[in-house]
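# Architecture and fold: a report
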Amino acid sequence: MTRSSSAILNILNLTPEELRKKFTELGIQSYRASQVLGWIYEKGVYDFERMTNLSVDLRQKLKEMFVIGIPQEAERESSGEDQSTKLLLKLSDGNFVETVYIPREGRRTVCVSSQVGCKFHCAFCASGQAGFLRHLSMGEIVSQVLLARDVSADKKLTNIVFMGIGEPFDNYRELLRAVRTLNSKEALGIGARKITISTSGIVPKIEALGEEGLQVELSVSLHGATDTVRESIMPVNRAYPVKTLISTCKKYIKKTGRAITFEYILIKGINAGEKDARDLAKLLKGMLCKVNLIPYNPIKEFEHEAPTYPEIVRFQQILQAAEIKTTVRFSKGRDIQAACGQLRSVTCHPEQASDSERVEGSG
Ligand code: SAH
């Protein structure tokens, strides 16, 4: 590799401020950074040659210094049921991740992945089944949003949820850089309140987020109100037990003044009985929070099922009786395996992959 090629930077790995600084260092006027950002983030142009308000010389210089490292769309599947679209994206090192675009009720949401694979091995989640490969860079996170934006009919997104493959808080630095870029008026300008970070409950990072002064939404995947229940399906509970998790959440709420959403998958025979509902109501009573109940989406590695509709309603009623705001969220995109917990990463193209070759990420 020559010196210049080894110094080639993926422009998507730079925040708008960093790009401006880099341009200044290179003797390029700072307003040129705004023009480049406009092409990428507003117009969806990922090729310097097409940035026609830049001089030919500048385009050439940029091509020598930078790449616009947008992943390749390897596959696109659209749901017949609800118009969700799942993109399989090939990263520059040959790994794949999945991203889901979900248009619903006036919102256009993208569900993004934060890692290739996942370390946390939640029993019910496809994404962690085959372990962890690597973190995604900020550019790889931001790219997913850009490509989903390009799928949407009017090329606009309203919401971003970090509920794809991976544990966002295990990749805290790149996650936060991505959030700041997505939020920046110079990039996508998506309001922080429209960005949701979902975590399996990594206590030190909940504390850290509380210190960031960001208005993002925090979701915590709870799935069990006692250590016995939670530990049986979420190994992470051994490191951060229920009591510690909930007291950290209370501190976060106090510090930020912002509510937390608790995600709770309902799995028949595991965590979905009336006693489980009462335990959950006791645990969360009086907190500034809401609960999202998600009927379990079956995956082949965890042979269980969601409760019946009346059982789900009963569970919800017990929480509501304790004055806990509770909604039941029926996942979108089940017919294309794009629903919560069904996303997987693959190390080679899925059509060529045998089952044993698959590496499954979280989600
Ligand atoms: N690691 C993060 C983000 C990814 S999971 C987290 O744990 O929050 C996003 C959401 O999908 C979480 O609430 C997760 O628990 C849920 N989920 C995972 N597998 C699921 C399944 N099989 N059915 C329904 N929801 C699932």
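Residues numbered from 1 in each chain as written. Predicted model: local features only at pLDDT ≥ 70, side-chain atom pairs only at ≥ 80, totals over all residues. Heavy atoms only, no water.

Glancing now at empty space enclosed by the protein. One water molecule sets the probe size; rolling that probe over the atoms shows where empty space is left. Tallied over the full model, the rule gives 2 cavities of 30 Å³ or more. Estimates place the volume of the second largest cavity at around 30 Å³. Element by element, the count of residues in the lining of the second largest cavity is highest for helix H3 (residues 30-42), at 3 residues. Within the lining of the second largest cavity, the residues separate by chemical class into 7 nonpolar, no polar and no charged. (1 Å grid on protein atoms, 1.4 Å probe; cavity = no way out; pocket = protein on both sides within 12 Å on 5 of 7 lines; lining within 4 Å. Points joined across faces, edges and corners; volume = space filled by probe spheres on them. Helix = DSSP H or I, 4+ residues; strand = E, 2+ residues; numbered from the N terminus. Nonpolar A, V, L, I, M, F, W, Y, C, P; charged D, E, K, R; others polar.)

What follows concerns the packing of aromatic side chains. In total, this model carries 4 aromatic pairs according to the counting rule given. Arranged with centres 5.3 Å apart and planes meeting at 35 degrees, the rings of Tyr-264 and Phe-315 form a pair that is tilted. Of this pair, Tyr-264 sits in strand E12 (residues 260-266) while Phe-315 is found in helix H12 (residues 309-321), placing the two residues 51 residues apart along the sequence. With respect to class, Tyr-264 is no different from Phe-315; both count as buried. One residue, Lys-43, lies across the ring of Trp-39, its end atom 4.3 Å from the ring centre. When the ring centre of Phe-132 is taken as reference, the NZ or CZ atom of Lys-119 above it lies at 4.7 Å. (Phe/Tyr/Trp six-rings, centres within 6.5 Å; stacked < 30°, edge-to-face > 60°. Buried < 20%, exposed > 50% of the residue type's maximum accessible area, 1.4 Å probe, protein only. Lys NZ or Arg CZ within 6 Å of the ring centre and 35° of its normal.)

With that settled, the discussion passes to helix H6 (residues 172-183). The end-to-end C-alpha distance of H6 is 16 Å, a good match for the 16 Å that 12 residues give at a rise of 1.5 Å each. Most of H6 is tucked away, with 9 of its 12 residues classed as buried. At its buried positions, H6 is contacted by helix H2 (16-25), H3, helix H5 (138-151), strand E9 (159-162), strand E10 (195-199) and helix H7 (203-210). (Expected span 1.5 Å × (residues − 1). Contact = heavy atoms within 4.5 Å.)

With their axes 8 Å apart at the nearest point, H2 and H3 run at an angle of 135 degrees to one another. Here H3 runs oblique to H2, going by the angle between their axes. The two elements H2 and H3 meet at a crossing, and its hand is right-handed. Note on element contacts: H3 touches H2 through Ser-30, Arg-32, Ala-33, Ser-34, Val-36 and Leu-37, opposite Pro-16, Leu-19, Arg-20 and Phe-23. Tallied by class, residues from the contact of H2 with H3 come to 6 nonpolar, 2 polar and 2 charged. (Axes fitted to C-alpha atoms, helices over the stretch in contact; angles between N-to-C directions. Parallel < 35°, antiparallel > 145°, perpendicular 65-115°, else oblique. Left-handed = near helix turned anticlockwise from the far one by under 90°.)

What follows is about the pattern of salt bridges. Counted by the stated rule, this structure contains 23 salt bridges. One salt bridge connects Glu-174 with Arg-177, and the closest N-O pair in it is separated by 3.5 Å. Taken together, the residues span about one helical turn, with Glu-174 and Arg-177 both in helix H6 at a distance of 3 residues. Judged by its relative accessible area of 16%, Arg-177 is buried. Each of Glu-18, Arg-173, Glu-174 and Arg-177 takes part in a single network of salt bridges with overlapping partners. (Salt bridge = Lys/Arg side-chain N within 4 Å of Asp/Glu carboxyl O.)

Moving on, we come to the environment of Ser-78. Within the element layout of this structure, Ser-78 appears in strand E3 (residues 72-78). As a C-alpha pair, Ser-78 and Ile-336 span 258 residues in sequence and 7.1 Å in three-dimensional space. Other than its neighbours up to four places away in sequence, Ser-78 contacts Ser-84, Thr-85 and Ile-336. In this structure the side chain of Ser-78 is engaged in a polar contact, spanning 3.3 Å, whose partner is the side chain of Thr-85. (Polar contact = N/O pair within 3.5 Å; in protein donor to acceptor, adjacent residues only side chain to side chain.)

Turning our attention to the nonpolar core. Core analysis: the biggest nonpolar cluster contains 104 residues, and Ile-40, Phe-124, Phe-162, Phe-262 and Leu-284 have the highest contact counts within it. By residue number, the principal contributor to this core is H5, which donates 8 residues. Counting the residues that make up this core, at least three belong to each of domain 1 (5-67) and domain 2 (72-360). If you look at the next biggest cluster of nonpolar residues, it comprises 9 residues, including Ile-102, Cys-111, Met-163 and Leu-343. (Core = buried A, V, L, I, M, F, W, Y, C linked by side-chain atoms within 4.5 Å. Domains from an automatic or database assignment.)

This part is about the domain arrangement of the protein chain. If you check the domain split of the protein chain, you get domain 1 (5-67) and domain 2 (72-360). Facing 14 residues of domain 1, the contacting portion of domain 2 comprises 15 residues. Both faces considered, domain 1 and domain 2 share a buried interface measuring about 1,200 Å² in area, 49% of it formed by carbon and sulfur atoms. Among the ionic pairs, Arg-20 bridges to Glu-186, the shortest N-O distance being 2.3 Å. If you look at where domain 1 meets domain 2, you find 10 residue pairs in polar contact (both at pLDDT 80 or more). Top contributing element to the side of domain 1 that touches domain 2 by residue count: H3, with 5 residues. (Buried area = accessible area lost by both parts, 1.4 Å probe.)

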